[in-house]
Amino acid sequence: MVELKEVEVKRDKSVFDQISEHNHEKVVFCHDKETGLKAIIGIHNTVLGPALGGTRMWSYASEAEALDDVLRLSRGMTYKAAISGLNLGGGKAVIIGDAKKDKSEAFMRRYGRFVKNLNGAYITAEDVGTTTKDMEYIRMETEHVAGLPESMGGSGDPSPVTAYGTYMGMKAAAKKAFGSDSLEGKKISVQGVGHVGGYLVELLAKENAQIFITDIYEDRLREVSEKYGAKVVGMDEIYDLDVDIYSPCALGGTVNNDTLSRLKCQVIAGSANNQLRDELVHGPALVEKGIFYAPDFLINAGGVINVYSELIGYNRESAYAQTERIYGYTLDIFELAEKEGIHTQAAAMQMAKKRIESIGKVHSTY
Ligand code: NAD
């Protein structure tokens, strides 16, 4: 998974200023000299339940950048879980280091001990730079880990479920934009045909959409193109295509000042996190351009829904059934946005916050 670091790191702010800016409950700095582990666990909000979110391992340019990432990502998890109707809070962790060189069994198990010490306030899972094997090591130290391999009774790879939710959100947005949710014959560009993008293309091909794909990896492009009859386009060319739907499934921040003037689609619906470079600017700009934007954290929630299902006793069918509801939620968001005269990302945030607030009141009495 690759994401553009589109948010400027706030180096001029103190750690506590940054933590209080988005009202995080707890941020834990973990260090182990023996293994060289340096990790930060961010717990944003636990009103709805324990904070769940993956552990990302990345060679951050600075500790400030790592802190910024964990704060931003953990906050996003709070709203993703809330809008998906899950009894989960938002959390995330980052490990500072090179995922290819710095990991070992002891390293991951030491990290697992830090997760254990939080007594279930934070449940970890896989993310960029961590694997199911790492989750197995963490599981040796704590039960507060999800996304284990299917062979261990876990939910396995969340990508097919994420793709299914993205597809549901895309169909809802199509209904809004074109009056029908059928994607047959629709011209759809998919940016990034990795785990999620690949499964999404499969679903789109089944509906006989006209698919355009791009990626960094030529081998992968060739494979997906041959299998599903998708047309390969250049990495920059994708923004200028005359398509009905643009589906970002690689990077964050691809809806920005440069691309907005180039995009000709009527719908944006993809799995990438943080698609709007600046939601305050680009959210309203999309409305002005008449583009229907299906909020990223709503339609890419299939993965977390799948992992949540593992916590309550994994059942693939029920995970898919719950993910299917993204269709209805997306239509609700379009309606709310219209009613309130706001952009869809703001409407989705509003709905998520409302649920946290109202359930928080339920929990306020014993
Ligand atoms: P992935 O790494 O398997 O796939 C991403 C693909 O994008 C790769 O093939 C990569 O080569 C390609 N890519 C990178 N930069 C590109 C560029 N500039 N232009 C075109 N292609 C480019 O990741 P994934 O698991 O498929 O996730 C895709 C996106 O969805 C990520 O933003 C991720 O955060 C988000 N997401 C994934 C899940 C999940 O279940 N995997 C859940 C929620 C959100």
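Refer to the preceding data block for the structure.
Residues numbered from 1 in each chain as written. Predicted model: local features only at pLDDT ≥ 70, side-chain atom pairs only at ≥ 80, totals over all residues. Heavy atoms only, no water.

## Structural notes on a nonpolar patch on the surface
Put simply, the test is: A residue counts toward a patch only above 30% relative accessible area and without a salt bridge, and it is joined to like-charged neighbours within 9 Å or, for Val, Leu, Ile, Met, Phe, Trp and Tyr, to nonpolar neighbours within 5 Å. Methods summary: accessible areas were calculated by the Shrake-Rupley approach with a probe of 1.4 Å, and residue burial reflects only the protein chains presented. A carboxyl oxygen of Asp or Glu within 4 Å of a side-chain nitrogen of Lys or Arg is what we treat as a salt bridge. Numbered from the N terminus, helices here are DSSP runs of H or I no shorter than four residues, and strands are runs of E no shorter than two. Each residue is placed in one exposure class: buried if its accessible area under a 1.4 Å probe, protein chains only, is under 20% of its type's maximum, exposed if it is over 50%, and partly exposed if it falls in between.
Taken together, the side chains of Ile 216, Tyr 217 and Met 235 make up a nonpolar region of the molecular surface, amounting to roughly 380 Å² of accessible area. With respect to the secondary-structure elements, Met 235 resides in the loop between strand S9 (231–232) and strand S10 (245–248). Overall, the relative accessible area of 48% leaves Met 235 in the partly exposed class.

## A short note on helix H2 (residues 63–83)
Put simply, the test is: Expected span of a helix, by definition, is 1.5 Å for each gap between consecutive residues, and there is one gap fewer than residues.
Between the first and last C-alpha of H2 there are 31 Å, a value that for 21 residues agrees with the 30 Å anticipated at 1.5 Å per step. H2 sits mainly inside the fold: 17 of its 21 residues count as buried. Once H2 ends, the next one or two residues include Gly 85, with phi positive near 75°.

## A short note on the sheet that holds strand S8 (residues 210–214)
As a reminder, the rule being used: Pairing between two strands is assigned when DSSP locates at least 2 bridges connecting them.
The six strands lie next to each other as S9-S8-S7-S10-S11-S12, forming an open sheet whose pairing is parallel. A strand with exactly one partner marks an edge of an open sheet, and here the two such strands are S9 and strand S12 (292–293). Of the pairings in the sheet, the one linking strand S7 (residues 187–191) to S10 comprises four bridges and is parallel in character. In the strand pairing of S10, Gln 191 is matched with Pro 248.

## Description of the packing of aromatic side chains
Under the convention used in this document: Between rings of Phe, Tyr and Trp, where Trp is taken as its six-membered ring, a pair exists when centres lie within 6.5 Å; planes separated by under 30 degrees are stacked, by over 60 edge-to-face, and by other angles tilted.
For the coordinates displayed, the defined rule picks out four aromatic pairs. Consider the rings of Tyr 164 and Tyr 167, whose centres lie 6.3 Å apart with planes at 40°: the pair is tilted. Here Tyr 164 and its partner Tyr 167 are both found in helix H5 (residues 159–178), three residues apart, which amounts to about one turn of the helix. The class for Tyr 164 is buried, based on a relative accessible area of 15%. Taking 5.8 Å as the distance between ring centres and 70° as the angle between the ring planes, the aromatic pair formed by Phe 292 and Phe 334 counts as edge-to-face.

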